[in-house]
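So you can see what is in the structure, the chains are spelled out below.
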Amino acid sequence: MNNYTLSVNKVSFEKDNGDVSLAITLKGSFPQPVNTIGNLVNDTIQFDLTSESGATVDEAVFTFQMGEGYPGDFEFINYPQGYGDAPINGDVNADNNEECDFELVDCVWGVNPTGGLGSGEGKSLQVSVKKKPGVTSYEISSFLLTEVEISGAMQLSAVMTLHEAAEDQLEATCEELVNFNEIGQALPIVTVNESGDSTPQSIGVIYVNG
């Protein structure tokens with residue numbers, strides 16, 4: 001029996017006027033999947049690992065696109081015999097936060113600096129936001145993992161601090177690597193507006209198990 005390996009190498013999320021695209025790159029050693037397009041089943045995006053060719057690959061990119069109603073939750077199903085690690089699943093989505101001046105455009109949880117594989121390794125988190133109509137120009141002054149109060153409870157979050165600026169600079173990479181095995185829960189993506197209401201506002205969430 002083959003000892004297959006699977007690891008999430010990259011998760012990319014993009015939202016454009018209500019249309020959402022999700023792409024998940026798996027690396028390791030596993031049978032070539034028949035289909036890499038996700039399906040929506042009971043409010044969960046399912047990616048099927050079923051293989052028929054017998055060929056082994058070291059990488060595959062799974063994708064899903066949807067308009068209104070995109071659920072965020074995803075999971076992989078039909079693992080090959082010989083894969084013994086935990087199931088791969090997660091959640092990545094934007095919040096429709098009417099109180100916030102900013103909204104999530106895209107987010108990428110990418111490879112770690114060494115390029116290594118393996119469940120639980122810390123990887124970079126890159127995020128882009130856009131300001132809502134009528135909001136002046138801003139830039140992100142810091143993007144850190146820190147605990148903030150959200151809905152009355154303290155939560156570890158990826159916090160972007162923004163302030164007014166002459167030009168918009170609304171893309172940033174978190175200054176710390178994000179390791180979901182250590183965090184153990186979904187990570188809110190949060191903005192703090194230094195030039196306005198400084199209340200932390202959640203604009204999205206990301207979680208990856210695998």
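Before any of the text, the structure's been laid out above.
Fair warning: this is a prediction, and the values are worked out from it, not measured in the lab. (Residues numbered from 1 in each chain as written. Predicted model: local features only at pLDDT ≥ 70, side-chain atom pairs only at ≥ 80, totals over all residues. Heavy atoms only, no water.)

Residues and numbers for the nonpolar core, please.
Among soluble globular proteins, nonpolar side chains are generally buried collectively. Of all hydrophobic cores here, the largest spans 52 residues; its most connected members are Leu-26, Leu-125 and Ile-206. The element that contributes the greatest number of residues to this core is strand 2 (residues 19–33), accounting for five residues. Not counting residues up to four positions away in its chain, the partners in contact with Leu-125 are Cys-107, Val-108, Trp-109, Phe-143, Ala-158, Ala-172, Thr-173, Cys-174, Val-178, Leu-187 and Ile-206. Of all hydrophobic cores here, the second largest spans five residues; its members include Val-148, Val-159, Val-190 and Val-192. (Core = buried A, V, L, I, M, F, W, Y, C linked by side-chain atoms within 4.5 Å. Buried < 20%, exposed > 50% of the residue type's maximum accessible area, 1.4 Å probe, protein only. Helix = DSSP H or I, 4+ residues; strand = E, 2+ residues; numbered from the N terminus. Contact = heavy atoms within 4.5 Å.)

Lay out the sheet that holds strand 8 (residues 102–109) with the relevant residues and their values.
Taken in spatial order, the six strands make up an open sheet running 5-2-1-8-9-12, and their pairing is antiparallel. The open sheet is flanked by strand 5 (51–66) and strand 12 (171–173), the only strands paired with a single partner. Across the sheet, the mean angle separating the axes of adjacent strands is 15° when strand polarity is ignored. Relative to strand 9 (residues 125–131), strand 8 runs antiparallel, the two being bridged by seven bridges. Paired with Trp-109 across the strands is Leu-125, a residue of strand 9. (Pairing = 2+ DSSP bridges. Axes fitted to C-alpha atoms, helices over the stretch in contact; angles between N-to-C directions.)

Pulling in residues and values, what's your account of the pattern of salt bridges?
Across all of its chains, the model carries two salt bridges by this definition. Residue Glu-59 is joined to Lys-27 by a salt bridge in which the shortest nitrogen-to-oxygen separation is 3.6 Å. Of the two residues, Glu-59 sits in strand 5 while Lys-27 sits in strand 2, which places them 32 residues apart along the sequence. (Salt bridge = Lys/Arg side-chain N within 4 Å of Asp/Glu carboxyl O.)

Hey, could you go over the packing of aromatic side chains for me, with residue numbers and the actual values?
The full count for this structure, using the stated rule, is nine aromatic pairs. Ring geometry for Phe-47 against Phe-62: centres 5.8 Å apart, planes inclined by 65°, an arrangement best described as edge-to-face. Separated by 15 residues along the polypeptide, Phe-47 in strand 4 (residues 44–48) and Phe-62 in strand 5 bring together distant segments of the chain. Judged by relative accessible area, which is 0%, Phe-47 ranks as buried. Using a relative accessible area of 0% as the deciding quantity, one classes Phe-62 as buried. Measuring from ring centre to ring centre gives 5.1 Å for Phe-47 and Phe-76, while their planes differ by 35°; the resulting arrangement is tilted. Of the two residues, Phe-47 is situated in strand 4 and Phe-76 in strand 6 (residues 73–77); the sequence distance between them amounts to 29 residues. Residue Phe-47 shares its accessibility class with Phe-76, and that shared class is buried. By way of ring pairs, the aromatic residues Phe-13, Phe-64 and Tyr-70 are connected into one cluster. (Phe/Tyr/Trp six-rings, centres within 6.5 Å; stacked < 30°, edge-to-face > 60°.)

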